[in-house]
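Coordinate inspection notes
What follows is the residue order along each chain.
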Amino acid sequence: MVEHAPNPSDDSRPLGLAYLVGRLDHVLGKRLRDCCAPAGVTVPQYTALSVFRAQGALSNAQLATRTMVSPQSANEMVKQMEAKGWIERSPDPSHGRIIQIQLTAAGHAILGQCDGMVRAVEQRMFPDLTPEQRTQLYITLRSAVRALSLEGI
């Protein structure tokens, strides 16, 4: 199948970017599942662990928002990761009803185990980009997420 670049002078039709992003999401999800599965980690778990590493302690509601899953799914995922010893829960010191969740040493270790494999997928996805181009792509994609998100992920 030959794909043709869109004609930028035709402003009446979409460029097909949404379609390509959707295809990329599909194939990337498969590649990430394949690379994380040997470590016993699902893609949503890897995402959650990465979010904890970047954000620190979070509530279940915050985790659900940042990982783009329902609060119920986030709760189930938290139970599974806690059973594996990757995270721990503790009461929020400033609000007694909120439980904060954070990575454990085992969570950092399993995340580190998957990081190299995920990085390899990212490298394969964009093999010809320079580090500066990778940074610009990251900024552009993050901007697109923010522009379309009510939560400003």
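These notes cover the structure that comes with them. Remember, predicted model here, so these are calculated numbers, not experimental data.

Conventions we followed
- Residues numbered from 1 in each chain as written.
- Predicted model: local features only at pLDDT ≥ 70, side-chain atom pairs only at ≥ 80, totals over all residues.
- Heavy atoms only, no water.
- Axes fitted to C-alpha atoms, helices over the stretch in contact; angles between N-to-C directions.
- Helix = DSSP H or I, 4+ residues; strand = E, 2+ residues; numbered from the N terminus.
- Left-handed = near helix turned anticlockwise from the far one by under 90°.
- Contact = heavy atoms within 4.5 Å.
- Nonpolar A, V, L, I, M, F, W, Y, C, P; charged D, E, K, R; others polar.
- Buried < 20%, exposed > 50% of the residue type's maximum accessible area, 1.4 Å probe, protein only.
- Core = buried A, V, L, I, M, F, W, Y, C linked by side-chain atoms within 4.5 Å.
- Parallel < 35°, antiparallel > 145°, perpendicular 65-115°, else oblique.
- 1 Å grid on protein atoms, 1.4 Å probe; cavity = no way out; pocket = protein on both sides within 12 Å on 5 of 7 lines; lining within 4 Å.
- Points joined across faces, edges and corners; volume = space filled by probe spheres on them.
- Salt bridge = Lys/Arg side-chain N within 4 Å of Asp/Glu carboxyl O.

This part is about the packing of helix 1 (residues 17-36) against helix 5 (residues 105-125). Between helix 1 and helix 5, whose axes approach to 9 Å, the crossing angle comes to 145°. Where helix 1 crosses over helix 5, the two elements pack in a sense that is right-handed. Taking contact as the criterion, the partners of Leu-24, Leu-28, Arg-31, Leu-32, Cys-35 and Cys-36 in helix 1 are, on helix 5, Cys-114, Met-117, Val-118, Val-121, Arg-124 and Met-125. Grouping the amino acids of the contact of helix 1 with helix 5 by side-chain chemistry returns 10 nonpolar, no polar and two charged.

Positionally, Lys-30 belongs in helix 1. Assessed through its relative accessible area of 39%, Lys-30 is described here as partly exposed. In the structure, Lys-30 is positioned 13 residues away from Val-43 in sequence and 9.2 Å away in space, judged by C-alpha atoms.

Another aspect to go through is the nonpolar core. Formed by 27 residues in total, the largest nonpolar core has its most connected members in Cys-36, Val-41, Tyr-46, Leu-49, Phe-52, Met-81 and Ile-87. The set of elements that each furnish at least two residues to this core consists of helix 1, helix 2 (43-55), helix 3 (60-67), helix 4 (71-83), strand 2 (95-103) and helix 5. It is helix 2 that contributes the most residues to this core, six residues altogether. Once you skip the residues sitting within four places of it in the chain, Met-81 turns out to touch Gln-45, Ala-48, Leu-49, Phe-52, Trp-86 and Ile-87.

Moving on to the packing of helix 3 against helix 4. Viewed as axis vectors pointing N to C, helix 3 and helix 4 meet at an angle of 110°, and their least axial separation amounts to 8 Å. Of the possible angle classes, the one that applies to helix 3 and helix 4 is roughly perpendicular. Of helix 4, the residues touching helix 3 (which contributes Asn-60, Leu-63, Ala-64 and Thr-67) are Pro-71, Ala-74, Asn-75, Met-77 and Val-78. The class makeup of the residues in the contact of helix 3 with helix 4 is six nonpolar, three polar and no charged.

Another aspect to go through is the layout of surface pockets. Of the volumes computed, that of the largest pocket is approximately 2200 Å³. Forming the boundary of the largest pocket are 40 residues, of which Leu-28, Glu-122, Tyr-138, Leu-141 and Val-145 lie nearest the centre. Broken down by secondary-structure element, the contributors of at least two residues to the lining of the largest pocket are helix 1, helix 2, helix 3, helix 5 and helix 6 (131-148). Broken down by element, the residue count for the lining of the largest pocket peaks at nine residues, all from helix 6. For the lining of the largest pocket, the class distribution of residues is 23 nonpolar, eight polar and nine charged.

A few words now on unusual backbone geometry. One can expect most non-glycine residues to show negative phi and most peptide bonds to be in trans. Even without glycine at this site, Met-68 takes up a positive phi of about 60°. Residue position: Met-68 is located in the loop between helix 3 and helix 4.

In this section: the pattern of salt bridges. Scanning all chains against the criterion turns up four salt bridges. In this structure, Lys-79 engages Glu-76 in a salt bridge whose closest nitrogen and oxygen atoms are separated by 3.5 Å. Here the residue Lys-79 and the residue Glu-76 both occupy positions in helix 4, the gap between them amounting to three residues, near one helical turn. On the accessibility criterion, Lys-79 (41% relative accessible area) is partly exposed. Glu-76 sits in the partly exposed class, given a relative accessible area of 42%. With its nearest N and O atoms 2.7 Å apart, the salt bridge here joins Arg-89 to Glu-82. On the basis of relative accessibility, which here comes to 35%, the residue Arg-89 falls in the partly exposed class. Owing to a relative accessible area of 31%, Glu-82 belongs among the partly exposed residues under this scheme.

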